[in-house]
Amino acid sequence: MNKNLTVGKPEIVLWQFCLPLFGSIIFQQLYNIADSFVAGKFIGENALAAVGNSYEVTLIFLAFAFGCNIGCSVIVSQLFGSGEYGRMRTAVSTSCIFSAVLCLLLMCLGILGCDLLLHLIHTPAEVFEDSKIYLDIYIWGLPFVFFYNIATGIFSALGDSKTPFFFLAISSTSNIAVDILFVTSFHMGVAGVAWATLLCQGISCILAVTVVYMRLKKIKVTEKTVLFSSILLKRFLMIAIPSVLQQSFISIGNIIIQGVINGFGPGVMAGYSAAVKLNNLVVTSFTTLGNGISNYTAQNIGAQKLPRIRSGFRAGLKMVWLLSLPLFLLYFFAGHHVLYLFMDAPTETAIQTGVTYLRILSPFYFIISAKLVADGILRGSGMMKQFMIATFTDLILRTVLAIVLSETMLGSTGIWCAWPIGWSTATILSICFYRTGPWKSLSASEK
């Protein structure tokens, strides 16, 4: 059901809209967690290291899909908020056409260049073949990744966060079952993990695109709908390109960091692979809630209700901090037990690596979550320059410090220490930029 985010008490509106988004990202992350769980439990530590190693490369492709999601979602939100339904449909079709072309180009690059990427990050010989198998299969599923992201972006723009939640709940739980079936019954190894993910993502993509098409057909328009608009493409790219650059540069930074980690051997790789999945579950949850706040901001910008944005920021902070507390307590005090979900008879090095990583990063979830709320507002209001400055500051600091600190007596622990420094610095910047927005001098009262 479509929902207008420009009316009602901002805190209640955001809670109702963002909670299903949070549930969706939990199930979305189950795809990656299931892959690591099955690889580590039913294949072995090297398979877990291979899946984790490949995951950092897949994030590059996801960065482009995410950018298309955000670009489409923000523009459609603004047009929906202003009641321009004909142009909204044109924005959807324009986004789909552009995304299809981009996806095709990325598939060609991925098929030709995955070996090179794996060599560049110093993938150990014992995990290279499994990493390549996983990536090759993943690349053939890229159209499903792209169009599912476009569909969920449209759902969010229309104020509907429940429909994608239901799709993901079904497909991600099915993915776990299919993962185990392919690996334990068909003995397909890492290839089975990858094929299971592709199959389940494909089903959820087809369902989501079908429902979006039916939903858009029901929206009545008075003007002629154009299939493609260069003007709306430009608006789309102004949001999508910074978002793609943000995610892709973060992915490149993570790949550089992965290369540093690989130098410490399979034990550290496996421990990091398990722990980073747990950390990504948290950070991606915050990012998704930030995306919801982007939709809220964009609709209210379209409806010219700027005072509601300040109220939305405060409500967003409450939301992410309530989420941060139990996750911090779980990872900091019980991370050892959670890591065993991914490993069967792990080495001491792997467990110690994962525990150290989680204990260093988890206290700073309160910091990074505040940044991602502020980023959601910056993106939804079109303040992309400020958004990029904060994001690149975080990335550069984390990458450079990971390299420098890993070469000290801290060893691999020095890599993990880079995260809190980058997060804290970037959070200060994002909040300062938010405070300079056009709503700064307006009353926070609801309108």
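Note that the structure is predicted; figures quoted are calculated from it, not measured.

### As for the overall build of the protein
Stage number 1. Regarding its fold elements, the protein presents 14 helices and 0 strands.
Stage number 2. In the protein, the succession of α and β elements from N to C terminus is α-α-α-α-α-α-α-α-α-α-α-α-α-α.
Stage number 3. Once the C-alpha set of the protein is aligned to its principal axes, its extents read approximately 60 × 45 × 35 Å.
Stage number 4. Here the protein, with 447 residues, has 59% of them falling under the buried criterion.
Stage number 5. Within the protein, contacts between residues at least 6 apart in sequence are counted, and of these 86% link residues at least 24 apart.
Stage number 6. Carbon and sulfur atoms form 70% of the exposed surface of the protein, whose accessible area is close to 17,400 Å².
Stage number 7. Side-chain charges in the protein split into 28 positive and 19 negative, and the spacing between the mean points of these groups amounts to 21 Å.

### A few points about the side chain of S362
Stage number 1. Examined against the element boundaries, S362 turns out to sit in the loop between helix 11 (348–361) and helix 12 (365–380).
Stage number 2. A polar contact of 2.8 Å, which involves the side chain of S362, links it to the backbone oxygen of L358.
Stage number 3. Discounting residues that sit within four places of it in the chain, S362 has contacts with F328, Y331 and F332.

### Focus: the packing of helix 12 against helix 13 (residues 384–406)
Stage number 1. Remark: helix 12 packs on helix 13, axes separated minimally by 8 Å, with the N-to-C direction vectors making an angle of 150°. In terms of orientation, helix 12 and helix 13 fall into the roughly antiparallel class. As for the relative orientation of helix 12 and helix 13, their crossing is left-handed in sense. Between helix 12 and helix 13, the contacting residues are K371, D375, L378 and R379 on the first element and M384, Q386, F387, A390 and T391 on the second.
Stage number 2. Looking at side-chain class alone, the contact of helix 12 with helix 13 contains 4 nonpolar, 2 polar and 3 charged residues.

### Section: the nonpolar core
Stage number 1. Counting residues in each nonpolar core, the largest one holds 122 residues, and the members touching the most others are L142, Y357, W416 and W419.
Stage number 2. With near-sequence residues (within four places) excluded, L142 lies in contact with F61, C103, L106 and M107.
Stage number 3. One finds V38, V51, Y134 and A194 within the second-largest nonpolar core, a separate group that totals 12 residues.

### Points about helix 9 (residues 266–302)
Stage number 1. Look at helix 9: 51 Å from first C-alpha to last across 37 residues, which is about the 54 Å you get at 1.5 Å a residue.
Stage number 2. Counting buried positions over the 37 residues of helix 9 gives 33, a clear majority of the element.
Stage number 3. Where helix 9 ends, the next residue or the one after it, Q304, has phi of about 60°, a positive value.

### Some thoughts on the packing of aromatic side chains
Stage number 1. Per the counting criterion, the structure on display carries 20 aromatic pairs.
Stage number 2. Linked through ring pairs, Y272, Y357, W416 and W419 together constitute an aromatic cluster.

### Observations concerning the environment of F228
Stage number 1. Along the chain, F228 turns up in the loop between helix 7 (189–218) and helix 8 (230–262).
Stage number 2. In this structure the C-alpha to C-alpha distance between F228 and I176, which are 52 residues apart in sequence, comes to 39 Å.
Stage number 3. Excluding residues within four positions of it along the chain, F228 makes contact with T90, S93, T94, I97 and L233.

What counts and what doesn't
- Residues numbered from 1 in each chain as written.
- Predicted model: local features only at pLDDT ≥ 70, side-chain atom pairs only at ≥ 80, totals over all residues.
- Heavy atoms only, no water.
- Helix = DSSP H or I, 4+ residues; strand = E, 2+ residues; numbered from the N terminus.
- Buried < 20%, exposed > 50% of the residue type's maximum accessible area, 1.4 Å probe, protein only.
- Contact = heavy atoms within 4.5 Å.
- Areas by Shrake-Rupley, 256 points an atom, 1.4 Å probe, with all protein chains shown as cover.
- Lys, Arg positive; Asp, Glu negative; His and termini not counted.
- Charge placed at Lys NZ, Arg CZ, Asp CG, Glu CD.
- Polar contact = N/O pair within 3.5 Å; in protein donor to acceptor, adjacent residues only side chain to side chain.
- Axes fitted to C-alpha atoms, helices over the stretch in contact; angles between N-to-C directions.
- Parallel < 35°, antiparallel > 145°, perpendicular 65-115°, else oblique.
- Left-handed = near helix turned anticlockwise from the far one by under 90°.
- Nonpolar A, V, L, I, M, F, W, Y, C, P; charged D, E, K, R; others polar.
- Core = buried A, V, L, I, M, F, W, Y, C linked by side-chain atoms within 4.5 Å.
- Expected span 1.5 Å × (residues − 1).
- Phe/Tyr/Trp six-rings, centres within 6.5 Å; stacked < 30°, edge-to-face > 60°.

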